[in-house]
Amino acid sequence: ETEKNKFLEPPKVTFVVPAENAETVAVLGEFNNWNSETTQLTKLKNGTFKGVLDLEKDNSYEFRYLIDNKYSNDEQADSFKWNNYANAENGVLNL
């Protein structure tokens, strides 16, 4: 039995947003204290935005996208949860 099992890498989660006409896209949520500056996605040549985060498994995270300063949910989120502060639903990612 080895010790390395204690040090397994957290799962990498890839966020991909098709937003060809957008200037900026960020993903914000519980994993980055809802800070849009922390996780800006990179625009690819095909017009989609992409970013990869290391998140702890066995957790659920509420999140949203900020596309040109307008909030948007991921239609493929695992579920949605009402948030009274935002007065809107947030997407939920289950790992």
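Before reading further, recall that the structure is shown in the block above.
As a starting point, this report considers the structure included with it. Bear in mind that the values here come from a model prediction, so they are computed numbers and not experimental data. (Residues numbered from 1 in each chain as written. Predicted model: local features only at pLDDT ≥ 70, side-chain atom pairs only at ≥ 80, totals over all residues. Heavy atoms only, no water.)

When helices and strands are tallied, the protein shows zero helices and eight strands. Along the chain direction, N to C, the helices and strands of the protein fall in the order β-β-β-β-β-β-β-β. Across the 95 residues of the protein, 37% fall into the buried class. Long-range contacts, defined here as pairs at least 24 residues apart, represent 62% of the contacts in the protein between residues at least 6 apart. Accessible area of the protein: about 6900 Å², with a carbon and sulfur share of 45%. (Helix = DSSP H or I, 4+ residues; strand = E, 2+ residues; numbered from the N terminus. Buried < 20%, exposed > 50% of the residue type's maximum accessible area, 1.4 Å probe, protein only. Contact = heavy atoms within 4.5 Å. Areas by Shrake-Rupley, 256 points an atom, 1.4 Å probe, with all protein chains shown as cover.)

One open sheet accounts for three strands, arranged β1-β4-β3; its pairing is antiparallel. Edge positions in the sheet fall to β1 (12–18) and β3 (42–43), since each of these pairs with one other strand and no more. (Pairing = 2+ DSSP bridges.)

Moving on, we get to the nonpolar core. Core analysis: the largest hydrophobic core is formed by 17 residues, its most contacted members being Phe15, Val27, Phe31, Leu41 and Phe63. Every element with two or more residues in this core is listed here: β1, β2 (25–29), β4 (48–54) and β5 (60–67). Contacts of Phe31, omitting those with residues within four sequence positions, involve Phe15, Leu53, Leu55, Tyr61, Glu62 and Phe63. (Core = buried A, V, L, I, M, F, W, Y, C linked by side-chain atoms within 4.5 Å.)

The phi torsion at Asn33 lies on the positive side, around 55 degrees, for a residue other than glycine. Inspection of the secondary structure assignment puts Asn33 in the loop between β2 and β3. Positive phi outside glycine occurs at Asp58, with the angle close to 60 degrees. Along the polypeptide, Asp58 turns up in the loop between β4 and β5. Judged by relative accessible area, which is 65%, Asp58 ranks as exposed.

Right, let's get into the pairing of β4. Two elements, β1 and β4, share seven bridges in a ladder whose sense is antiparallel. Paired with Val16 across the strands is Lys50, a residue of β4. Direction of pairing for β3 relative to β4: antiparallel, over a ladder of two bridges. If you follow Lys43 over to β4, its bridge partner there is Phe49. Remark: four residues form the turn of the hairpin made by β3 and β4, two consecutive strands paired antiparallel; Gly47 in that turn has positive phi of roughly 95 degrees.

To continue, consider the packing of aromatic side chains. One pass over the structure, following the stated rule, counts five aromatic pairs. When the centroid spacing of 5.9 Å and the interplanar angle of 70 degrees are considered together, the rings of Phe31 and Tyr61 count as edge-to-face. On the criterion of sequence distance, the pair formed by Phe31 in the loop between β2 and β3 and Tyr61 in strand β5 is long-range, its members being 30 residues apart. On the basis of relative accessibility, which here comes to 10%, the residue Tyr61 falls in the buried class. (Phe/Tyr/Trp six-rings, centres within 6.5 Å; stacked < 30°, edge-to-face > 60°.)

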